[in-house]
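Spelled out, the chains give:
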Amino acid sequence: MNNSSAVLILDKVSKSYGNGLAVDEVSLNIRENEFFALLGPSGCGKTTLLRMLAGFETPSAGCIYLDGKDISPLPANKRPLNLMFQSYALFPNMTVRKNIAYGLEMERLPESEIRRRVDEVLSTAQLGELAERKPDQLSGGQRQRVALARALVKRPRVLLLDEPLGALDKKLREKMQLELKRLQLESGITFIIVTHDQEEALVMSDRMAVLDGGKVCQCGSPTELYENPNSRFVANFIGVSNLFEGVRSGERTVRVNGQELTVETDAPLIPGQKVAVVVRPERLQVLAEEGDDYCANRVTGNIVEIAYHGLDTNVHVQTALSDKALIVRVPSSQFEFAHFAIGMSVRLGWQARHARVLTR
Ligand code: ATP
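In this report, the structure presented in the accompanying data block is examined. Each chain has its residues counted from 1, running along the sequence as written. At least 70 in pLDDT is required for a residue's local features to be given in this predicted model, at least 80 for side-chain atom pairs to be given and counted, and no such filter applies to totals for whole chains, interfaces and linings, which use all residues. For side-chain calculations, the full set of non-hydrogen atoms in the structure is used, while hydrogens and water are omitted.

## Remarks on the pairing of strand β19 (residues 345-350)
- Three exposure classes are used, based on accessible area relative to the maximum for each residue type with a 1.4 Å probe and protein chains only: buried under 20%, partly exposed in between, and exposed over 50%. Counting from the N terminus, the helices are the DSSP runs of H or I reaching at least four residues and the strands are the DSSP runs of E reaching at least two. Counted residue by residue, β19 has five buried out of six residues, so it is predominantly covered.
- Here, a strand pair is defined by DSSP locating no fewer than two bridges between the strands. Alignment of strand β15 (residues 285-287) against β19, held across three bridges, turns out to be antiparallel. Each residue of the ladder has a partner; that of leucine 287, found in β19, is arginine 347.
- In this structure, strand β16 (residues 297-308) lies alongside β19, joined through six bridges in antiparallel fashion. Across the sheet, residue threonine 300 finds its bridge partner in β19, namely arginine 347.

## Points about the sheet that holds strand β7 (residues 158-162)
- One open sheet accounts for six strands, arranged β6-β7-β8-β3-β9-β10; its pairing is mixed. If you trace the sheet from one side to the other, it starts and ends with β6 (81-84) and β10 (215-220), each paired once. Neighbouring strand axes in the sheet, compared pairwise and without regard to direction, differ in orientation by 20° on average.
- One ladder, built from four bridges, connects strand β3 (residues 35-39) with strand β9 (residues 207-212); its direction is parallel. Across the sheet, phenylalanine 36 pairs through a bridge with arginine 207, a residue of β9. Note on geometry: axes are lines fitted to C-alpha atoms, helical ones only across the stretch in contact, with angles between N-to-C directions running from 0 to 180 degrees.

## Describing the packing of aromatic side chains
- In summary, the pairing rule links any two rings of Phe, Tyr or Trp, Trp by its six-membered ring, whose centres are within 6.5 Å, and it sorts them by plane angle into stacked for under 30 degrees, edge-to-face for over 60 and tilted for everything else. Summed over all chains, the structure comprises four aromatic pairs.
- Ring centres of phenylalanine 35 and phenylalanine 191 lie 5.5 Å apart, and the angle between their planes is 45°; this geometry places the pair in the tilted category. Of this pair, phenylalanine 35 sits in strand β3 while phenylalanine 191 is found in strand β8 (residues 190-195), placing the two residues 156 residues apart along the sequence. Like phenylalanine 35, the residue phenylalanine 191 is buried in the burial classification.
- By the criterion adopted, a ring carries a charge over it if an Arg CZ or a Lys NZ lies within 6 Å of its centre and within 35 degrees of its normal. Above the face of the phenylalanine 91 ring, arginine 150 is positioned so that its terminal group lies 5.7 Å from the ring centre.
- Between arginine 280 and the ring centre of tyrosine 226, over which it is positioned, the NZ or CZ distance is 4.0 Å.

## Some words on helix α4 (residues 140-152)
- Any helix carries an expected span of 1.5 Å times its number of residues minus one. Spanning 13 residues, α4 covers 18 Å between terminal C-alpha atoms, matching the ideal 18 Å at 1.5 Å per step.
- Counting buried positions over the 13 residues of α4 gives ten, a clear majority of the element.
- Of all the positions in α4, only Gly141, Gln144, Arg145, Val146, Ala147, Leu148, Ala149, Arg150, Ala151 and Leu152 are classed as buried.
- Whether two residues touch is decided by their heavy atoms; if any such pair falls within 4.5 Å, the residues are in contact. Buried positions along α4 lie against β6, α2 (96-106), α3 (111-124), β7, α5 (170-187) and β8.

Shown next as structure tokens:
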């Protein structure tokens, strides 16, 4: 990893509460102007990690460096990091403008500078017309933007966001994901966001770390993690996966329930090693009766379920490769011509390069 552009370095940071380890030797480099997501299931340690960065918790071990300096001795209010809570905690009796200006007034900045910076942020967050309203006269999405504007106006080196879209409904969440990304790009501030929503992390982040049991399982770009998960946990946590449990039988083969699957892997060959093969639903194809020889892997099965999702339709096919039915994603625009029906026998195929081997 390129250390030179790192704003924040976490070096083997741990946090224990009594006998429990909430964060376990987490090492991460977070870069300048990066939108970084900490992703994981409930209780994996995301919030604890964020609170340690903000200075609300002290690490039990390890160091946190901001611009090369150890920030452990600094109390929360002296750190150039700003934490935006899930509950926006806006002052109900103050206007939007006053809410945003509050932090700068506490710093006793000159009035002219406060006005200039607040106007600038009001414009970036598209709140200009709402500046004189009070929080209870705003929608959920608008309140969220005020909270963001209030954090951005202080120009933190890093903005920490704990489930910032958690309170919004699905449609608004999707809109705000793009807005958050735009605000991050325009402000040039490094954002670290905590979320348990993998789709949100995929859409917004430049890079993300998947956590489980206080440890980082994998860190990389959304495409790296989706296309090349390093473990069953990451493959299952991010997106939908078809997993086949088998044993390594050759350099590029895995035997699954008596059938040899051709795979692509860099993992060294340990014959007989128990591994899993992962294939994403959009990589599986429904093959015609004959031909389609370009698919190295083929299997037949019966359709057990058809789930329409609007844009796509998921066809669930029971095969001999796993107990769980395989999920094949077919664009709904093609679907109407295919005449699939529950109980129908189909042949599925996929290419070796879309079958990744997981050793963990
Ligand atoms: P969620 O998505 O549910 O908020 P999380 O990934 O943010 O979960 P944390 O809140 O960081 O998880 O908690 C990690 C672990 O540490 C959990 O097992 C939790 O019970 C424990 N924990 C967190 N704070 C404390 C505390 N103050 N005292 C004792 N245990 C705690």
